[in-house]
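Summary of the model geometry
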Amino acid sequence: MGMDEAEFLDRTQRIAEAFRPAAPMNRRDLFAGRVQQIADVFSIVSQPGQHALIYGERGVGKTSLGMIAAELLRASNVLSAWATCDASDDFTTVWHKALGEIGLTTTKQAIGFGERIDERAEPLSKLLGSGPVTPHTVQRALEHASRQRPIAIFIDEFDRFRQPDGRALFADTIKALSDRVVSSTIVLIGVADSVGELIREHRSVERALVQIQMPRMSPTELAEIATNGVAAAQMTIAGTAVTRITALSQGLPHYTHLLTQLAAQSALSDRRTHIGTRDVDAAVTRAIERAQQSIVDAYRDAVIGRRGAIYPQVLLACALAQEDEFGYFGSSDVREPLSRILDKPSSPSTFARHLEELSSESHGSILQRSGSAGAARYRFVNPLIQPYVAMRGISEGVVRASDLQLQDKRVGGRNRGREGQGPKTRSSSSSS
Ligand SMILES: Nc1ncnc2c1ncn2[C@@H]1O[C@H](COP(=O)(O)OP(=O)(O)OP(=O)(O)O)[C@@H](O)[C@H]1O
Ligand SMILES: [Mg+2]
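These lines cover the structure that appears in this document, whether it is placed above or below.

Thresholds, definitions, all that
Residues numbered from 1 in each chain as written. Chains lettered and ligands numbered in written order. Predicted model: local features only at pLDDT ≥ 70, side-chain atom pairs only at ≥ 80, totals over all residues. Heavy atoms only, no water. Helix = DSSP H or I, 4+ residues; strand = E, 2+ residues; numbered from the N terminus. Buried < 20%, exposed > 50% of the residue type's maximum accessible area, 1.4 Å probe, protein only. Contact = heavy atoms within 4.5 Å. Areas by Shrake-Rupley, 256 points an atom, 1.4 Å probe, with all protein chains shown as cover. Near = heavy atom within 4 Å. Polar contact = N/O pair within 3.5 Å; in protein donor to acceptor, adjacent residues only side chain to side chain. Pairing = 2+ DSSP bridges. Salt bridge = Lys/Arg side-chain N within 4 Å of Asp/Glu carboxyl O. Axes fitted to C-alpha atoms, helices over the stretch in contact; angles between N-to-C directions. Parallel < 35°, antiparallel > 145°, perpendicular 65-115°, else oblique. Left-handed = near helix turned anticlockwise from the far one by under 90°. Nonpolar A, V, L, I, M, F, W, Y, C, P; charged D, E, K, R; others polar. Expected span 1.5 Å × (residues − 1).

1. Details of the overall build of the protein chain
For the protein chain, the helix and strand inventory stands at 18 helices and 13 strands. Looking at the protein chain as a whole, 52% of its 432 residues qualify as buried. Put simply, 73% of the contacts in the protein chain that link residues at least 6 apart link residues at least 24 apart. Total accessible area on the protein chain stands at roughly 19,500 Å², and carbon and sulfur atoms take up 50% of it.

Here you go:
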């Protein structure tokens with residue numbers, strides 16, 4: 001099938017727009033899955049006195065979820081504001097960022113001019129005054145503003161907010177808003193394993209703060225990302241190519257965007273509009289070449305060792321191990337892939353020491369260990385390193401791409417049994 005230059009450029013452009021490996025997804029037409037989590041945000045916003053905490057591993061899609069939820073809320077007449085925290089923020093600066101985004105319309109009868117009405121929009125942050133902001137100031141400002149319309153305030157990267165005792169101020173604010181039944185909802189978003197990590201003072205807000213834990217994405221959700229984007233570029237993709245991409249992504253949408261984009265470019269460079277598995281293979285090679293330096297460095301630091309030491313093989317087996325929806329695996333999950341890589345049966349005693357070393361500073365602490373010695377669970381500290389390690393193994397010919405898919409199928413799919421289940425939401429009171 002011929003493709004002229006204009007068509008080629010047009011498709012290249014569409015592919016560049018449809019996939020976004022490096023930025024949150026704020027386009028509804030390209031946003032996939034997460035139906036339950038969006039419903040959870042909506043229900044929390046509509047419940048007086050409830051606030052939300054969205055938390056999970058790095059890169060699972062927390063910001064994207066928040067952005068789409070904020071947009072949908074706006075469409076249903078809820079004012080929504082957004083602040084992204086950084087390490088230099090304190091309670092005052094965060095609230096100025098957030099409320100600076102909302103315009104408050106004030107209507108005044110202009111004196112002496114009969115019918116004339118003066119309407120002005122001012123940022124809501126004006127209500128915070130010029131001094132240091134306190135939970136009380138915030139509560140008063142929101143109480144005032146939400147008389148017109150309900151308000152939702154999203155505070156992203158809350159884990160980077162490091163003001164001493166600053167988080168306690170947030171807990172106090174949530175408490176104050178809940179007690180006075182103000183129609184404002186605070187949605188905190190951050191990287192964490194638990195709520196306790198994000199809100200140390202959470203005991204006082206247990207009942208008011210509802211947790212939304214973000215799991216990795218299911219293969220079905222990832223497949224939706226790939227097929228939506230491909231369709232937006234008016235291209236097609238083989239089912240086997242989609243399956244390979246979702247298996248390689250290991251639940252992390254960043255890789256689905258990256259691999260589908262690179263595979264589409266591979267097809268286009270041959271002037272084809274259909275993406276096949278060989279394009280995915282080409283994408284894997286490109287993805288490894290283009291990997292972030294920090295990931296390449298972390299890999300190198302992890303696998304250093306004497307000649308003949310099996311750190312690279314054990315790390316690869318870890319990357320292939322069936323992890324749970326939060327990225328954890330146990331040594332029994334490592335055994336089978338390692339036996340395949342070494343081409344001989346291995347038992348946990350052969351690699352127990354390696355797992356320990358990979359979790360220690362001598363090997364760059366690439367893994368994080370949790371649980372007691374007998375029942376230790378491990379995961380990659382930076383989840384994005386895991387698919388990188390697996391892709392290296394594939395491109396070096398140590399394992400085959402189909403091994404990953406096998407892994408997925410044998411246990412009935414990654415995140416087995418999760419799809420279609422009830423909400424991953426619980427109030428913190430029931431979990432502590
Ligand atoms: N539901 C989704 N549909 C399509 N793409 C998504 C979805 N969720 C996330 N992505 C994509 O995945 C990548 C990571 O998303 P995002 O930045 O939202 O994650 P995050 O959890 O906020 O990451 P971090 O922990 O680094 O802040 C981005 O490339 C984004 O476009
Ligand atoms: Mg984010």
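2. So, the site of ligand 1
Neighbouring ligand 1 are 23 residues, the closest being Arg 20, Ala 23, Lys 62, Thr 63 and Ser 64. A distance of 2.9 Å separates an oxygen atom of ligand 1 from a polar atom in the backbone of Gly 61. Protein burial of ligand 1: of its 630 Å² of free accessible surface, 89% is covered by the chains. Mapped onto the shell around ligand 1, the elements with two or more residues apiece are α3 (62-75) and α10 (253-269).

3. A look at unusual backbone geometry
Positive phi, close to 70°, is recorded for Asn 77, a residue that is not glycine. Looking at where Asn 77 falls in the secondary structure, it is placed in the loop between α3 and β2 (79-84). The phi dihedral of Gln 234 falls on the positive side, at around 55°, and the residue is not glycine.

4. Observations concerning the pairing of strand β12 (residues 377-380)
In the sheet, strand β10 (residues 329-330) pairs with β12 via 2 bridges, with the strands oriented antiparallel. Counted as the bridge partner of Gly 330 is Arg 377 from β12. Summarising the sheet, strand β11 (residues 367-370) and β12 pair through 4 bridges and their orientation is antiparallel. Across the sheet, residue Ser 370 finds its bridge partner in β12, namely Arg 377.

5. What to know about the side chain of Arg 216
You can see Arg 216 is positioned in the loop between β7 (209-214) and α8 (219-232). Arg 216 sits in the buried class, given a relative accessible area of 1%. Among the polar contacts listed, one links the side chain of Arg 216 to the side chain of Glu 57, at a separation of 2.8 Å. A distance of 3.2 Å separates the side chain of Arg 216 from the side chain of Gln 386, its partner in a polar contact.

6. Brief notes about the pattern of salt bridges
If you walk through the whole model with that rule in mind, you get 24 salt bridges. Salt-bridge contacts for Glu 57 lead to Arg 216; the nearest nitrogen and oxygen are separated by 2.8 Å. Separated by 159 residues along the polypeptide, Glu 57 in the loop between β1 (51-56) and α3 and Arg 216 in the loop between β7 and α8 bring together distant segments of the chain. The pair formed by Glu 57 and Arg 216 is uniform in burial state, with each residue classed as buried. One salt bridge connects Asp 86 with Lys 97, and the closest N-O pair in it is separated by 3.6 Å. Taken together, the residues Asp 86 in the loop between β2 and α4 (91-100) and Lys 97 in helix α4 connect sequence positions 11 residues apart. Shared partners join several salt bridges into a network, and the residues in it are Glu 57, Arg 216 and Glu 323.

7. Concerning the environment of Pro 150
In this fold, Pro 150 is placed in the loop between α5 (135-145) and β5 (151-156). Overall, the relative accessible area of 34% leaves Pro 150 in the partly exposed class. Considered as a pair, Pro 150 and Leu 73 are 77 residues apart in the sequence and their alpha carbons are 9.8 Å apart. The residues touching Pro 150, leaving out its near neighbours within four places in the chain, are Asn 77, Val 78, Leu 79 and Ser 183.

8. Looking at the pairing of β1
Across the 6 residues of β1, 6 count as buried, placing the element largely inside the fold. Of the two faces of β1, the one carrying His 51, Leu 53 and Tyr 55 and the one carrying Ala 52, Ile 54 and Gly 56 are both buried. Sheet topology note: the β1/β7 ladder contains 6 bridges and is parallel. Along β7, the bridge assignment pairs Gly 56 with Met 214. Two strands pair when backbone bridges link them, and β1 and strand β6 (residues 184-191) are joined in this way by 5 bridges, in the parallel orientation. In the strand pairing of β6, Ala 52 is matched with Val 187.

9. Quick word on the environment of Pro 164
One can find Pro 164 in the loop between β5 and α6 (166-179). We classify Pro 164 as exposed; its relative accessible area is 67%. Expressed as a C-alpha distance, the spacing of Pro 164 and Asp 90, which sit 74 residues apart in the sequence, is 8.7 Å.

10. Things to note about the packing of helix α14 (residues 331-342) against helix α15 (residues 348-358)
One can describe the packing of α14 onto α15 by two numbers: an axis separation of 10 Å at closest approach and a directional angle of 110°. Considered as vectors, α14 and α15 are oriented roughly perpendicular to each other. As α14 runs across α15, the sense of the crossing is right-handed. Facing α14, whose interface residues are Ser 331, Val 334, Arg 335 and Leu 338, α15 presents Pro 348, Phe 351 and Leu 355. For the contact of α14 with α15, the residue count by class is 5 nonpolar, 1 polar and 1 charged.

11. Remarks on α3
Here α3 spans 20 Å end to end across 14 residues, near enough to the 20 Å set by a 1.5 Å rise per residue. Within α3, 10 of the 14 residues are buried, leaving the element largely enclosed by the surrounding structure. Regarding α3, the residues found buried are Lys 62, Thr 63, Ser 64, Leu 65, Gly 66, Ile 68, Ala 69, Ala 70, Leu 72 and Leu 73. If you follow the buried residues of α3, they end up packed against α2 (35-46), β1, β2, β5, β6 and β7. Phi turns positive one or two residues past the end of α3, at Asn 77, with a value near 70°.

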